[in-house]
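Structure at a glance
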Amino acid sequence: MKISLICVGTKMPAWVEAGVAEYQKRLPPEFNFEIRELPLAKRGKGLDINRAIAQEGEAMLAAINPADRVIALDVKGKAISTEGLSDALDDWLMDGDNISILVGGPDGLCPRCVDLAAQKWSLSAMTLPHPLVRVLFVEQLYRAWTILSNHPYHR
C-alpha cells in the first residue's frame, strides 16, 4: 500500500522536514508513505486567484494515480477523529488500496479535485498552516497505526 500526501507548496521550513521525517521513519515499511510537492501557482496583484487554483488543480489531477482512492482535505469536509483515521487505515490495509490525500494551496483545492475525491475530510474547524498539516497528518497516520497495533503511543 502506498499513501501519498499530495500538497501544493514547496520549500518547507526545516522543522517541517524534521517533523515529517521523524514520523515517517516510525511508520511500518508496508505503508510506503510519501509527500509529493507541487509548485504553488503564481499569485500577485491583478492575477486571478481562480486561475491559480485551477492551475494547481490540474497539476494535482496529473499527480494522482487513476487507480488510487482519493481523499480531499477540505475545511468543509467531514471531521475525522484519530479513531476514525485508524478505522480507515484498517480498511485500506485490508483492501490493499493506494491512497492519495489532497492538500490544496493557500486558497484551497480546485473544485475538480474535491469532486474527484471519494471522501472529504476536515482536520480541524480552525485554519491550519499547510506546512503544519504535513506534520499533523503523518503524526496522526502513525498514531492510527499504533491503535491498530496496540502500541502504547496513543495512550
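The text that follows walks through the structure, step by step, so that each part is easy to find. Remember, predicted model here, so these are calculated numbers, not experimental data.

**What to know about the sheet that holds strand β5 (residues 119-122)**
Strand order in the open sheet made by the 5 strands is β2-β1-β4-β3-β5, with parallel pairing throughout. Each of the sheet's edge strands pairs with one partner strand only, and the pair in question is β2 (33-38) and β5. Taking the axes of each pair of neighbouring strands and ignoring which way they run, one obtains an average angle of 30 degrees across the sheet. Across 6 bridges, the pairing between strand β1 (residues 3-8) and β2 is parallel.

**Describing helix α3 (residues 82-95)**
Between the first and last C-alpha of α3 there are 20 Å, a value that for 14 residues agrees with the 20 Å anticipated at 1.5 Å per step. Those residues of α3 that fall on the buried side of the exposure criterion are Thr82, Leu85, Ser86, Ala88, Leu89 and Trp92. Down the axis of α3, the buried set is contained in an arc of 165 degrees. They therefore lie on one face. Where α3 is buried, its residues contact β1, β3 (69-79), β4 (99-103), β5 and α5 (130-148). Where α3 terminates, the next one or two residues include Gly96, which has phi positive at roughly 75 degrees.

**Remarks on the packing of aromatic side chains**
The way to describe two aromatic rings as a pair is by their centre distance and the angle between their planes. Across all of its chains, the model carries 4 aromatic pairs by this definition. Here the aromatic rings of Tyr23 and Tyr142 are separated by 6.1 Å at their centres, their planes lie at 45 degrees, and the arrangement is tilted. Note that Tyr23 is positioned in helix α1 (residues 14-26) and Tyr142 in helix α5, a separation of 119 residues in sequence. With relative accessibility at 6%, the residue Tyr142 sits in the buried group. Feature note: the residues Tyr23, Tyr142, Trp145 and Tyr153 constitute an aromatic cluster, connected by ring pairs.

**Digging into unusual backbone geometry**
Working note: non-glycine residues mostly have negative phi, and peptide bonds are mostly trans. The phi dihedral of Asn32 falls on the positive side, at around 45 degrees, and the residue is not glycine. Within the secondary structure, Asn32 is located in the loop between α1 and β2. Positive phi is not limited to glycine here, since Asn150 has a value of about 55 degrees. Assignment of secondary structure puts Asn150 in the segment after α5.

**Topic: the nonpolar core**
Within the largest apolar cluster, 28 residues are counted, with the highest numbers of intra-cluster contacts made by Ile3, Phe33, Leu89, Trp92, Ile101 and Leu141. Elements represented by at least two residues in this core include exactly β1, α1, β3, α3, β4 and α5. Sorting elements by how many residues they give to this core places α5 first, with 8 residues. Residues Val70, Ala72, Leu102 and Cys113 belong to the second largest nonpolar core, which totals 16 residues.

Criteria and cut-off values
- Residues numbered from 1 in each chain as written.
- Predicted model: local features only at pLDDT ≥ 70, side-chain atom pairs only at ≥ 80, totals over all residues.
- Heavy atoms only, no water.
- Pairing = 2+ DSSP bridges.
- Helix = DSSP H or I, 4+ residues; strand = E, 2+ residues; numbered from the N terminus.
- Axes fitted to C-alpha atoms, helices over the stretch in contact; angles between N-to-C directions.
- Expected span 1.5 Å × (residues − 1).
- Buried < 20%, exposed > 50% of the residue type's maximum accessible area, 1.4 Å probe, protein only.
- Arc of directions from axis to C-beta.
- Contact = heavy atoms within 4.5 Å.
- Phe/Tyr/Trp six-rings, centres within 6.5 Å; stacked < 30°, edge-to-face > 60°.
- Core = buried A, V, L, I, M, F, W, Y, C linked by side-chain atoms within 4.5 Å.

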